[in-house]
Amino acid sequence: MRQAERKQAHETNKLSKRLHREVGQAITDYNMIEDGDKVMVCLSGGKDSYGLLDILLNLQQRAPIKFELVAVNLDQKQPGFPAHILPEYLQSRGVPFHIENQDTYSIVKRIIPEGDTMCSLCSRLRRGILYRVAGELGCTKIALGHHRDDFLGTIFLNMFFGGKLKGMPPKLVSDDGKHTVIRPLAYVAETDLERWAEHRQFPIIPCSLCGSQENLQRVQIKQMLREWDRKFPGRIDNMHRAFSHVVPSHLMDRNLFPFQTIRPTGIADPTGDKAFDEDDADDGCGTPAATAALPDEGAPIQFIDRRP
Ligand code: SF4
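Notes on the structure in this doc start here. Only a predicted model underlies this, so the values are computations on that prediction, with no experimental measurement involved.

## What about the overall build of the protein?
Along the protein, the regular secondary structure elements total nine helices and six strands. Residues counted as buried form 37% of the 308 residues belonging to the protein. The contacts in the protein between residues at least 6 apart in sequence include a share of 75% that link residues at least 24 apart. With the model as given, the accessible surface of the protein reaches about 18,900 Å², and the carbon-plus-sulfur share is 54%.

Structure representation (structure tokens):
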């Protein structure tokens, strides 16, 4: 094997290990899959859902628990949708699957005026159908292919345009209280999924068949995050890490922290606030401290080397 090929094989091996480790970790951290579960993996034909199914299939072989997987694709009857691709791929992998045929495309086209974005109605219809199918197939979990960058993009969208500090839950119970939705790619970087899709040669189905534009604001935020990642390696991982290290006493939500009733107790709290310590944003002399973004002592930032 030539040196370049050896290097490529080494990088792919590293990527594979990282992907499986991150998905396994997210599943464990949020108790996403339990013994006896039947997991419906929603497959759109894009790189993310292919990656999700592929990794779950591998983990299924190694997991200490038993769970079933069933791939489900909703054929929304978009013009030019190559309906043979997913069944052929799934048959070749020996994966149990179900294709649900529902012409939501025509419904959305009929209701939404030409030129307006169709995504909101389209995804609402899709969600309802997938919940129904999950019930009919007896699935106990519904797995979606949202990844780390979707989580970050959503939190910025909600901050910029919704005035809310709200991201995307790794696990949630559906509004009707009947289904558990999981996002096992919560820790996985989109660039890793791109590289995995290329390596595994997934038969990708283009996502532009409906003719709808991707949400422009989401596109801009994605570009901003990619730019940051390029200029400041580690920043994205660190922001993502912040999602699971929330300090309600240092935010401003009175529903999360009882600001109105807190009083001195006279008892020192070694883990409590360091209001005048220099790692606060302003150390009292008006100069923002250079160390404002450093983690608490004992919680080192872990940079993940994602370079190919
Ligand atoms: S991009 Fe097209 S298929 Fe996707 S949610 Fe929007 S309208 Fe639906």
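Structure shown, so let's carry the discussion forward.
## Topic: the site of the ligand
Around the ligand sit Q78, M118, C119, C122, R126, C210 and S212, and those are all the residues in its vicinity. Residue composition of the shell around the ligand, by class: four nonpolar, two polar and one charged.

## Re the nonpolar core
In terms of nonpolar packing, the biggest core is built from 40 residues, with V23, I33, V39, L53, L56 and L90 touching the most fellow members. Secondary structure elements with two or more residues in this core: α1 (3-29), β1 (38-42), α2 (47-62), β2 (68-75), α3 (85-93) and α7 (190-200). The element that contributes the greatest number of residues to this core is α2, accounting for seven residues. Not counting the four nearest positions on each side in its chain, L90 is found in contact with L43, L53, A71, V95 and F97.

## Side note on the pairing of strand β3 (residues 97-101)
Pairing of β2 with β3 involves five bridges; the strand directions are parallel. Bridging from a neighbouring strand, D75 pairs with N101 of β3. Handedness of the crossover is the feature at issue here: the chain leaves β2, passes through α3, returns alongside β3, and the resulting connection is right-handed.

## A look at the sheet that holds strand β5 (residues 171-173)
Reading across the sheet, the six strands line up as β3-β2-β1-β4-β6-β5 and stay open at both edges, with mixed pairing between neighbours. Each end of this open sheet is capped by a strand with a single partner; those strands are β3 and β5. Each neighbouring strand pair of the sheet contributes to a mean axis angle of 25°, computed without reference to strand direction. Along the sheet, α2 contacts β1, β2 and β4 (141-143); its crossing angle with β2, the most-contacted strand, is approximately 165°. Against the sheet, α3 makes contact with β2 and β3, and its axis sits at roughly 170° relative to β3, the strand it touches most.

## A closer look at the packing of α1 against α2
Interhelical geometry of α1 versus α2 gives an angle of 75° and a closest axis separation of 10 Å. Comparing the axis directions of α1 and α2 gives the class roughly perpendicular. Contacts from L19, H20, V23, G24 and I27 of α1 reach α2 at I55, L56, N58, L59 and R62. Its residues assigned to classes, the contact of α1 with α2 shows six nonpolar, three polar and one charged.

## Examining the pattern of salt bridges
For the structure on display, the rule yields 20 salt bridges. Among the ionic pairs, R200 bridges to D54, the shortest N-O distance being 2.8 Å. Of this pair, R200 sits in helix α7 while D54 sits in helix α2, and the two are 146 residues apart along the sequence. Here R200 falls in the partly exposed class, since its relative accessible area comes to 35%. Under the relative-accessibility criterion, D54 is labelled buried at 0%. Here the salt bridges do not stand alone but share partners, grouping K47, D48, E190, E194, K222 and R226 into one network.

## A word on the pairing of β2
With seven of its eight residues buried, β2 lies for the most part within the structure. Bridging between β1 and β2 involves five bridges; their strand directions are parallel. From the neighbouring strand, M40 faces β2, where its bridge partner is V70. After leaving β1, the chain enters α2 and then returns to the sheet as β2, a path that is right-handed.

## Overview of the packing of aromatic side chains
Under the definition given, this model contains eight aromatic pairs. Judged by centre distance (6.3 Å) and plane angle (65°), the rings of Y30 and Y187 are edge-to-face. Within this pair, whereas Y30 is found in the loop between α1 and β1, its partner Y187 is found in the loop between β6 (180-182) and α7, the two being separated by 157 residues in sequence. In this structure Y187 comes out as buried when scored by relative accessible area, which is 18%. Relative to Y89, the ring of Y50 lies with its centre 5.0 Å away and its plane at 80°, an arrangement referred to as edge-to-face.

## Regarding the side chain of H20
Among the structural elements, H20 can be located in helix α1. Relative accessible area serves as the criterion here: at 5%, H20 is assigned to the buried category. Looking at H20, its side chain comes within polar contact range of the main-chain oxygen of S16, at 2.7 Å. Side-chain polar atoms of H20 contact the side chain of N58, separated by 3.0 Å.

Rules used throughout
- Residues numbered from 1 in each chain as written.
- Predicted model: local features only at pLDDT ≥ 70, side-chain atom pairs only at ≥ 80, totals over all residues.
- Heavy atoms only, no water.
- Helix = DSSP H or I, 4+ residues; strand = E, 2+ residues; numbered from the N terminus.
- Buried < 20%, exposed > 50% of the residue type's maximum accessible area, 1.4 Å probe, protein only.
- Contact = heavy atoms within 4.5 Å.
- Areas by Shrake-Rupley, 256 points an atom, 1.4 Å probe, with all protein chains shown as cover.
- Near = heavy atom within 4 Å.
- Nonpolar A, V, L, I, M, F, W, Y, C, P; charged D, E, K, R; others polar.
- Core = buried A, V, L, I, M, F, W, Y, C linked by side-chain atoms within 4.5 Å.
- Pairing = 2+ DSSP bridges.
- Right-handed = clockwise from strand over helix to strand, strands pointing away.
- Axes fitted to C-alpha atoms, helices over the stretch in contact; angles between N-to-C directions.
- Parallel < 35°, antiparallel > 145°, perpendicular 65-115°, else oblique.
- Salt bridge = Lys/Arg side-chain N within 4 Å of Asp/Glu carboxyl O.
- Phe/Tyr/Trp six-rings, centres within 6.5 Å; stacked < 30°, edge-to-face > 60°.
- Polar contact = N/O pair within 3.5 Å; in protein donor to acceptor, adjacent residues only side chain to side chain.

Remember, this is a structural readout, not a statement about activity or role.
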